[in-house]
Protein chains: 2
Amino acid sequence: MADRPIKELDLKTPLEAARKPSLNQIAKTGICGIMDPISPGIPPGSDTATLALLGYDALKVYSGRGAFEAIGSGINVLPGDIAFRCNFATVNEDLVVLDRRAGRIADKDAAKLVESLQKIKLEKPSVKFLFKSTIQHRAVLVIRGSRLSTAVSESDPEKTGEKVSEIKPLDESSEAKLTARILNELMHKFHKVLKEHSVNKERAKRGLPQANIILCRGAGTIPNIKTLSELYGINAACIAAASLIRGVCKVAGMKLIDVEGATGTPQTDFVAKAKSAVQTLKKCDFVFLHVKATDVASHDGNIKQKVELIEKIDHMLGYVLSNIDLGSTYLALTADHTTSLLTGNHEGDPVPVVISGPYVRRDGVEELDERACASGGLHRIRGMDLMPVLMNLIGKTKKIGA
Amino acid sequence: MADRPIKELDLKTPLEAARKPSLNQIAKTGICGIMDPISPGIPPGSDTATLALLGYDALKVYSGRGAFEAIGSGINVLPGDIAFRCNFATVNEDLVVLDRRAGRIADKDAAKLVESLQKIKLEKPSVKFLFKSTIQHRAVLVIRGSRLSTAVSESDPEKTGEKVSEIKPLDESSEAKLTARILNELMHKFHKVLKEHSVNKERAKRGLPQANIILCRGAGTIPNIKTLSELYGINAACIAAASLIRGVCKVAGMKLIDVEGATGTPQTDFVAKAKSAVQTLKKCDFVFLHVKATDVASHDGNIKQKVELIEKIDHMLGYVLSNIDLGSTYLALTADHTTSLLTGNHEGDPVPVVISGPYVRRDGVEELDERACASGGLHRIRGMDLMPVLMNLIGKTKKIGA
C-alpha cells in the first residue's frame, strides 16, 4: 500500500491520491506514525515483514522463505525439514531456461505432473521428499531426514537465457553436502520424468511451453519461535490468501481462516475478507487481515490499479468499522512494506501506521497516508514494536521488572 | 504521573486535566518529547524503569527486585547475597492465606516479631540470614553464603484463600537446591516462632489478624553495574522515600538523602523534598528527585487524587524553579512509567519528557502532558537514552571515537 511520490500523481503517493474516507476516519480517531518494518532503509521481504509485524525480531529468527511457503500451502513441515519454493519451468536440451513459469501452466496440468513426480524414489531410503503444486507454475518441495541443511545453492538462475544451476553445498558440513546431493538427484529425476510426460507432449501439440523442469530456491526451515499464544496468551487468527503470509501466521500459532473468494490477487473478494474478520473477532482476541493486491499492482507498475485497490481496501475497512464495537476494539492499520510503482521492488522507506481504539492518545492527524502519519503521536517505531504496543492496549503484555 | 485519556476527564489524561503552571513553564522553556522507559509497549516495573532512567540497559542488568528493596531499607547487601521481599501475613492451621498483610500490622508490632526471628539459627552454619521489617507488613530477607542462587520459586501465593507454597528450585543446579532448602527451613522456623509469639497472642485478644507467617518473593542479587560516578564522573544524589527506588539509586552509587516528612505515599511532604533538592544541588552535580504518590493514586484508581497530586508536584517544582539558578541548571521532568487509573497497572505507553535549561534547543511545546510533548523536539526516545542526553548537556559524556 505504501509508496513514494509519483510524477503521474502530481508527486502524491497512491495513498495520498486515493479517495479513502474510512482510512481517514481511522486516522482521525487514532494515534498515527510511521514504521520501519525492519530498520530504516532496509527493504523487507513479505516474510520478514510479516514476522516483524507479528512482533518477532526477523533479523534473528528468519530461517528462509521455503518453509513458510510450504506450510502456507498445507504441508505439515516438521523441525529439521528443509523446504524450497519451486517453479515449473521450460528449458531447452542444453538446460537453458526458456520460460521460468512454463507459460504460467494451468493448475490442472501441474497437478497431473505432480502426481507422477511424487512417485519418484530417492537412492537414500532414510530421506523422504514431499512435492506439491500451489498456484499456476508455483510448487513447494520439502526434504525430510536427519542431518540436512539449508546451506545449499539454488538451481533457479532467476533469468531466462541462463542455464539451470547445479546445486552446491555452501559450507563444508556433511549436512550441506548430503542435501545438495539429494537435491541434484531429485532435480535430475524430476527432469527425466517431466520431459517424457504425456501432459508435456500434449502441451507441445497445443504450442504451449513444456513444463519440463523444476527450479528450486529459498531453502528454509521452521524458525524456532514461540507462538503468539505462548507470548501473549491470546487466541489469534489470520485472514490471508497468499501462502507465504499464511505460512508465517501458522508458524506463529495462528488459526488460518479460509475465505471463499480470497485469492491473494487484485481480484480478491475484499468484502468477503472483511465479513470474515468481523465474524472471527467474535471468537478471537486478535485478527490479522492481510491484503496482497496492492503489492501485486506495485510490482506490475500499474498506478491506476494501485489507487483503485486502495479505494477497495477503504471500502473493506468501511465494512469493518460499521460492524465492530469501536468502544472495545482496537484497530491497527499499516503496510508490511513500501513497494514502489516506479522500481517495482520492495523498498526500505517506512510505512504509515495508525492505531485506533478507546484509550489511545489521539493526535491531530486527519488523513492516513505516508506524510500525514509522519506527524502523528506514535512518531517512528519499528515493525517488531507494533505487536507489544497493541498487546499493551488490550492488557496482554507482561511487565518487565517489579 | 503519565496515563491514558479517561472518560471521567472528558478524554483528557490526568496531566492534561491538572492545573500546572510550573510544569508548563518547564515545557515552554525546554525541549519536549515522549519516552519509552524500556521499549514501545512494554510495561516496566518501578525498578527496571528507574534503572533505565539512570542510563542502564535494564533488559541486560536487571537481577530481581529483592536486592534493591533490601539495600533501600538499609541492609548492606553484598555480591552473592540473595535478597527477597517479604510480607508478614496471616494463615490458618492449613497454611491457607487469610490476609497477605496481617492487617497492615503496626511497625512496632513488626519490630518485636523481627527481634525474635533474628535469633533463629540455620542448620548449615556457613549460611547466614538477615531479616528486617520496613513499613507496616513489609520486610526484607537476605541469605548470605557461597553458592546460592536466585532460581527458586516464591512462597507467596499472591492471593488470599490459597495455600502458602513450598519453595522449589527452578533449575537443576546444586545452588538452586541449596537455596530452596534453606528458605524452606527458614519459613518453617519463622512460622513456628511467630505462631507462639506473645505479640500475636496479644493481637488475637484485640481481634487483630495474627502475623503468623512470612511470605517471600522477588529473589534478587545486586546487579553488576558501574556507578554514575564511574560512568560520568559525577557526584549524584537521590531524594526518594520508596525503598525500592532508594535501593536502585544506592546500587548506582548515589548518595541517599533523608528528608523528614518524605514517606513515599500521597501524604508525603512535597515541599520538604523540593527544599532538600535545592540544598543538595549546591553540593552535587545531579539530583534525582522521585515522587511515588501519583503511582499510588493510579494503582488505587483514584482519579481526583491523581489530579490533585499532579498539582502538588507542580507546586513542588514551583519552589525548585524559584530557588535554583536557571542560567546554569538543567531540569528534566518525566515519569518512570505510565500507570493507568483504569487498569490499575503499569502500562507500556510512553511517558512525556521535558528538558529545560540554558542551551537546549527549545521547541514550541507549551504544555507538559502526554500529547503536547509528543510533538516536541526530542521526538521519541528510550529511557536509557535520557541520562546520556542530560550528561551531554552538562559536559559529562565521553566521546566515542576520535
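Since we're looking at a predicted model, the values are computed, not measured.

> Explain the packing of aromatic side chains here, please?
The relation between two aromatic rings is expressed through the spacing of the ring centres and the mutual angle of the planes. All told, the structure shown has 8 aromatic pairs over all chains when counted by the stated rule. When the ring of Tyr62(B) is compared with that of Phe68(B), the centres are 6.5 Å apart and the planes differ by 20°; the resulting orientation is stacked. Its relative accessible area of 24% is what places Tyr62(B) among the partly exposed residues. Counting every residue linked through ring pairs, the aromatic cluster contains Phe88(A), Phe129(A), Phe131(A) and Phe190(A).

> In this structure, what is going on with the confidence of the model for chain A? I would like to understand it.
The predicted coordinates of low-pLDDT regions are not to be read in fine detail. Looking at chain A, pLDDT values average 96 and 100% of them are 70 or higher. Across the interface, the model reports ipTM at 0.90; the global pTM reads 0.91.

> Looking at this structure, I do not really get the sheet that holds strand E1 (residues 30-36) of chain A. What am I missing?
Hydrogen bonds along the backbone pair up the strands of a sheet, which may run parallel or antiparallel. Residues and elements named next belong to chain A. Overall, mixed pairing links the 4 strands, which are arranged E10-E13-E1-E14 in an open sheet. In the strand order of this sheet, the two ends are held by strand E10 (331-334) and strand E14 (379-382), each with one partner. Neighbour to neighbour, the strand axes of the sheet diverge by 30° on average, direction disregarded. Bridge analysis of E1 against E14 gives 4 bridges, and the strand direction is parallel. Bridge pairing in E14 places Ile34 opposite Arg380.

> Would you explain the pairing of strand E6 (residues 213-220) of chain B in this entry?
Residues in a regular strand point their side chains to alternate faces of the sheet. All names here are of chain B. For E6, a buried count of 8 out of 8 residues is recorded, marking the element as mostly surrounded by other parts of the structure. When strand E2 (residues 82-91) meets E6, the two strands line up antiparallel, connected through 6 bridges. Looking at E6, one finds that Asn87 is bridged to Leu215.

> Honestly, empty space enclosed by the protein in this entry has me stumped. Any pointers?
Gaps left between atoms are located by rolling a probe of water-molecule size over the structure's atoms. Following the criterion strictly, the structure yields 1 cavity of 30 Å³ or more and no others. Roughly 40 Å³ of internal volume is contained in the largest cavity. Around the largest cavity, the lining residues are Tyr359(A), Asp3(B), Arg4(B), Pro5(B), Ile6(B), Ser340(B), Leu342(B) and Thr343(B). A class-by-class count of the residues in the lining of the largest cavity yields 4 nonpolar, 2 polar and 2 charged.

> In this structure, what is going on with the nonpolar core? I would like to understand it.
Burial of nonpolar side chains together is a common tendency in soluble globular proteins. Formed by 83 residues in total, the largest nonpolar core has its most connected members in Leu54(A), Leu228(A), Met254(A), Phe286(A) and Ile355(A). Among the elements that make up this core, the one with the highest residue count is helix H13 (residues 303-323) of chain A (9 residues). Filtering out sequence-adjacent residues up to four positions away, Leu54(A) remains in contact with Leu228(A), Val248(A), Cys249(A), Ala252(A), Met254(A), Phe286(A), Phe288(A) and Met387(A). In terms of nonpolar packing, the next biggest core, distinct from the first, is built from 81 residues, Leu9(B), Ala297(B), Leu331(B) and Ile355(B) among them.

> Explanation requested: the pairing of strand E7 (residues 236-239) of chain A in the structure shown.
Residue and element names in this part refer to chain A. Along E7, one buried face is formed by Ala236 and Cys238 and the opposite face, lined by Ala237 and Ile239, is buried too. Alignment of E7 against strand E8 (residues 255-256), held across 2 bridges, turns out to be parallel. Considered in E8, the bridge of Ala237 is made with Lys255.

> Just to check I follow, could you spell out helix H2 (residues 21-28) of chain A for this structure?
Side chains three or four residues apart in an α-helix point the same way, a direct result of the helix having 3.6 residues per turn. Those residues of H2(A) that sit buried are Ser22(A), Leu23(A), Asn24(A), Ile26(A) and Ala27(A). Where H2(A) is buried, its residues meet helix H1 (14-17), E1, H13, E10 and strand E13 (351-356) of chain A.

> Whenever I open this one, the relation of the copies chain B and chain A confuses me. Can you help?
Turning one copy of the chain about an axis and sliding it along that axis gives the other copy, so a rotation and a shift relate them. Turning chain B through 122° and shifting it by 0.1 Å along the axis lays it on chain A, with an RMSD of 0.2 Å. The relationship between the two copies is best expressed as a three-fold rotation axis. Of every C-alpha in chain B, the one belonging to His379(B) sits nearest the axis of rotation, 3.9 Å from it. Comparing interface residues between copies, only 3% of those in chain B also sit at the interface in chain A, which points to a heterologous contact through distinct surfaces.

> I'm lost on the sheet that holds strand E9 (residues 286-289) of chain B in this one. Help?
Residues and elements named next belong to chain B. Read across the sheet, 3 strands follow the order E8-E7-E9 without closing on themselves; strand pairing throughout is parallel. Strands at the two margins of the open sheet, each flanked by one partner only, are strand E8 (255-256) and E9. The pairing of strand E7 (residues 236-239) with E9 spans 4 bridges and is classified as parallel. Opposite Ala237, over in E9, you have Val287 as the bridge partner.

> What's the story with the interface of chain B and chain A in this structure? I'm lost.
Frequently, the measure chosen for interface size is the accessible area removed from exposure when the parts meet. Tallying the contact residues gives 33 residues for chain B and 19 residues for chain A. Regarding the contact of chain B and chain A, the summed buried area is about 2,200 Å², with carbon and sulfur atoms giving 55% of it. For the pair chain B and chain A, the interface holds 1 salt bridge. Linking Asp385(A) and Arg382(B) is a salt bridge whose minimum nitrogen-to-oxygen distance equals 3.8 Å. Counting only elements with at least two residues in the side of chain B that touches chain A, the list comes to helix H3 (46-53), strand E12 (346-347), helix H14 (370-374) and strand E14 (379-382) of chain B.

> What exactly am I supposed to notice about the pattern of salt bridges here?
A pair can form between side chains of opposite charge whenever their charged atoms are brought close. All names here are of chain A. This structure, assessed with the given rule, holds 47 salt bridges over all chains. Here Lys201 ties to Glu196 by a salt bridge, and the two come within 3.9 Å at their closest N and O atoms. Residue Lys201 is classed as partly exposed on the basis of its relative accessible area of 47%. For the salt bridge of Asp295 with Lys292, the shortest nitrogen-to-oxygen distance reads 3.1 Å. Judged by relative accessible area, which is 7%, Asp295 ranks as buried. By relative accessible area, Lys292 is classed as partly exposed at 21%. Through salt bridges with shared partners, a single network forms among Lys108, Asp109, Arg203 and Arg206.

> What should I look at first to understand helix H6 (residues 107-117) of chain B in this one?
Residues and elements named next belong to chain B. For H6, the complete set of buried residues consists of Asp109, Ala110, Leu113, Val114 and Leu117. Buried residues of H6, seen end-on, are gathered within an arc of 135° and therefore sit on one face of the element. Along H6, exposed side chains directed more than 90 degrees from the buried face belong to Lys108 and Glu115. As for H6, its buried residues are in contact with E2, strand E4 (128-133), helix H7 (174-195), helix H8 (198-205) and E6.

Calculation criteria
Residues numbered from 1 in each chain as written. Chains lettered and ligands numbered in written order. Predicted model: local features only at pLDDT ≥ 70, side-chain atom pairs only at ≥ 80, totals over all residues. Heavy atoms only, no water. Phe/Tyr/Trp six-rings, centres within 6.5 Å; stacked < 30°, edge-to-face > 60°. Buried < 20%, exposed > 50% of the residue type's maximum accessible area, 1.4 Å probe, protein only. pLDDT = per-residue confidence, 0-100. Pairing = 2+ DSSP bridges. Helix = DSSP H or I, 4+ residues; strand = E, 2+ residues; numbered from the N terminus. Axes fitted to C-alpha atoms, helices over the stretch in contact; angles between N-to-C directions. 1 Å grid on protein atoms, 1.4 Å probe; cavity = no way out; pocket = protein on both sides within 12 Å on 5 of 7 lines; lining within 4 Å. Points joined across faces, edges and corners; volume = space filled by probe spheres on them. Nonpolar A, V, L, I, M, F, W, Y, C, P; charged D, E, K, R; others polar. Core = buried A, V, L, I, M, F, W, Y, C linked by side-chain atoms within 4.5 Å. Contact = heavy atoms within 4.5 Å. Least-squares fit on C-alpha atoms with pLDDT ≥ 70 in both. Buried area = accessible area lost by both parts, 1.4 Å probe. Salt bridge = Lys/Arg side-chain N within 4 Å of Asp/Glu carboxyl O. Arc of directions from axis to C-beta.

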